Amino acid sequence: MKAPELPPANTKRSSAETFVDVTAKLSMVMAALAILWGLIQLVLVLALSRLDMLDVMQSQGLPLPEAFQWIGRHALSLTALMLGVSIAFFLVSWAMFKRREWGRLGFIVFLVLVALLNFASLPFIHSLFDSMRSMFPAEFLQSAEGMELRAQLNSGLWMSLFTGAITAIAFAGLHGWLVIKLQRPDVRALFH
């Protein structure tokens, strides 16, 4: 009687399979960390909503720009939105790991949207620094200390814009490379 043949022990995986597995697993880890952070942030927002932080800051005489007030009023909704996006990214990454076509397409959509959002967020850096500047009285900003503060804010603004632009370009390059790899025929053939 002949013994049954066993499949070869070292089945070599293709580079496409390895690429999809590594990308999906790293993305699931990042999404899980984002979900954890979102849950912590949700608990903090719910706890701090009992303390009206906007009221506390304004009672201390700190003028809050409208953008900060808007974020404060919508903190719960913004946190829930980010938590939902993180969960959706985890599901898409899991589906990609399981070789579902909708997971691959959803992952590509996330890559493109994040790259675009990185560039879209650059104008908000300027708004943030304008908001910080508006928190100080005009007479203080005309003083020697105020002029020093304005110089520091201007320096911080340009450094933030520069690093934000470099980061947006780097992520756009990385995301573009991933989209191209996910569109290759050998990678697409893995999905159903």
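In what follows, the structure referred to is the one given above.
All of the points below concern the structure found in this document. For clarity, every value in this text was computed on a predicted model and none was experimentally measured.

Details of the nonpolar core
Consideration 1: Core analysis: the biggest nonpolar cluster contains 17 residues, and Phe19, Val20, Met96, Phe107, Leu111, Leu182 and Val187 have the highest contact counts within it.
Consideration 2: Of all the secondary structure elements, the ones that give two or more residues to this core are helix H1 (15–50), helix H4 (75–97), helix H5 (101–120) and helix H8 (144–183).
Consideration 3: At 5 residues, H1 tops the list of elements feeding residues into this core.

Quick notes on the pattern of salt bridges
Once their charged atoms are close, side chains differing in charge can pair, the charge on each being opposite to the other.
Consideration 1: Inspection of the entire model under this criterion finds 5 salt bridges.
Consideration 2: In this structure, the salt-bridge partner of Arg13 is Asp21, at a minimum N-O distance of 1.9 Å.
Consideration 3: Judged by its relative accessible area of 42%, Arg13 is partly exposed.
Consideration 4: The salt bridge involving Arg184 is made with Asp186; its shortest N-O contact spans 2.5 Å.
Consideration 5: For Arg184, a relative accessible area of 27% translates into the label partly exposed.
Consideration 6: Among the charged side chains, a salt-bridge network with shared partners connects Arg13, Asp21 and Arg99.

Quick look at the layout of surface pockets
Consideration 1: Size it by volume and the largest pocket reaches roughly 950 Å³.
Consideration 2: If you go around the largest pocket, you meet 30 residues; those closest to its centre are Val85, Phe89, Phe110, Val114 and His175.
Consideration 3: Elements with a contribution of two residues or more to the lining of the largest pocket: H1, H4, H5 and H8.

Concerning the packing of helix H6 (residues 122–134) against H8
Consideration 1: The interhelical angle for the contact between H6 and H8, taken along N-to-C directions, is 165 degrees, at an axis separation of 9 Å. Comparing their axes, H8 and H6 come out roughly antiparallel. H6 and H8 meet at a crossing whose hand is right-handed. Residue-level inspection shows Leu122, Ile125, His126, Phe129, Met132 and Arg133 of H6 in contact with H8, the latter providing Arg150, Leu153, Asn154, Gly156, Leu157, Ser160, Leu161, Gly164 and Ala165.
Consideration 2: Looking at side-chain class alone, the contact of H6 with H8 contains 8 nonpolar, 5 polar and 2 charged residues.

Some thoughts on the side chain of Ser86
Consideration 1: Along the chain, Ser86 turns up in helix H4.
Consideration 2: Beyond its immediate sequence surroundings of up to four residues, Ser86 is in contact with Ala31, Ala34 and Ile35.

Examining the environment of Thr23
Consideration 1: Positionally, Thr23 belongs in helix H1.
Consideration 2: Put simply, Thr23 and Ser93 are 70 residues apart on the chain and 8.3 Å apart in space, counted from C-alpha to C-alpha.
Consideration 3: Apart from residues no more than four positions distant in its own chain, Thr23 is found in contact with Met96, Phe107 and Leu178.

Regarding the packing of H5 against H6
Consideration 1: Viewed as axis vectors pointing N to C, H5 and H6 meet at an angle of 35 degrees, and their least axial separation amounts to 4 Å. Here Asn118, Phe119 and Ala120 of H5 lie close against H6, whose contacting residues are Leu122, Pro123 and Phe124.
Consideration 2: Taken together, the residues of the contact of H5 with H6 sort by class into 5 nonpolar, 1 polar and no charged.

Description of H5
An α-helical turn contains 3.6 residues, so a residue and the one three or four places further along point in the same direction.
Consideration 1: Here H5 contains 20 residues, and its C-alpha end-to-end distance of 29 Å stays within 8% of the 28 Å for a straight helix at 1.5 Å per residue.
Consideration 2: Looking only at H5, the buried set comprises Gly103, Arg104, Gly106, Phe107, Ile108, Phe110, Leu111 and Ala115.

A few points about a nonpolar patch on the surface
Consideration 1: There is a patch of nonpolar side chains on the surface, built from Val29, Leu33, Leu36, Trp37, Ile40, Leu44 and Leu48 and spanning about 680 Å² of accessible area.
Consideration 2: When you line up the elements, Trp37 lands in helix H1.
Consideration 3: Classification of Trp37 as exposed rests on a relative accessible area of 52%.

What counts as what
- Residues numbered from 1 in each chain as written.
- Predicted model: local features only at pLDDT ≥ 70, side-chain atom pairs only at ≥ 80, totals over all residues.
- Heavy atoms only, no water.
- Core = buried A, V, L, I, M, F, W, Y, C linked by side-chain atoms within 4.5 Å.
- Buried < 20%, exposed > 50% of the residue type's maximum accessible area, 1.4 Å probe, protein only.
- Helix = DSSP H or I, 4+ residues; strand = E, 2+ residues; numbered from the N terminus.
- Salt bridge = Lys/Arg side-chain N within 4 Å of Asp/Glu carboxyl O.
- 1 Å grid on protein atoms, 1.4 Å probe; cavity = no way out; pocket = protein on both sides within 12 Å on 5 of 7 lines; lining within 4 Å.
- Points joined across faces, edges and corners; volume = space filled by probe spheres on them.
- Axes fitted to C-alpha atoms, helices over the stretch in contact; angles between N-to-C directions.
- Parallel < 35°, antiparallel > 145°, perpendicular 65-115°, else oblique.
- Left-handed = near helix turned anticlockwise from the far one by under 90°.
- Contact = heavy atoms within 4.5 Å.
- Nonpolar A, V, L, I, M, F, W, Y, C, P; charged D, E, K, R; others polar.
- Expected span 1.5 Å × (residues − 1).
- Patch = residues over 30% accessible without salt bridge, like charges linked within 9 Å, V, L, I, M, F, W, Y side chains within 5 Å.
- Areas by Shrake-Rupley, 256 points an atom, 1.4 Å probe, with all protein chains shown as cover.

Read these as spatial facts, not as claims about activity.
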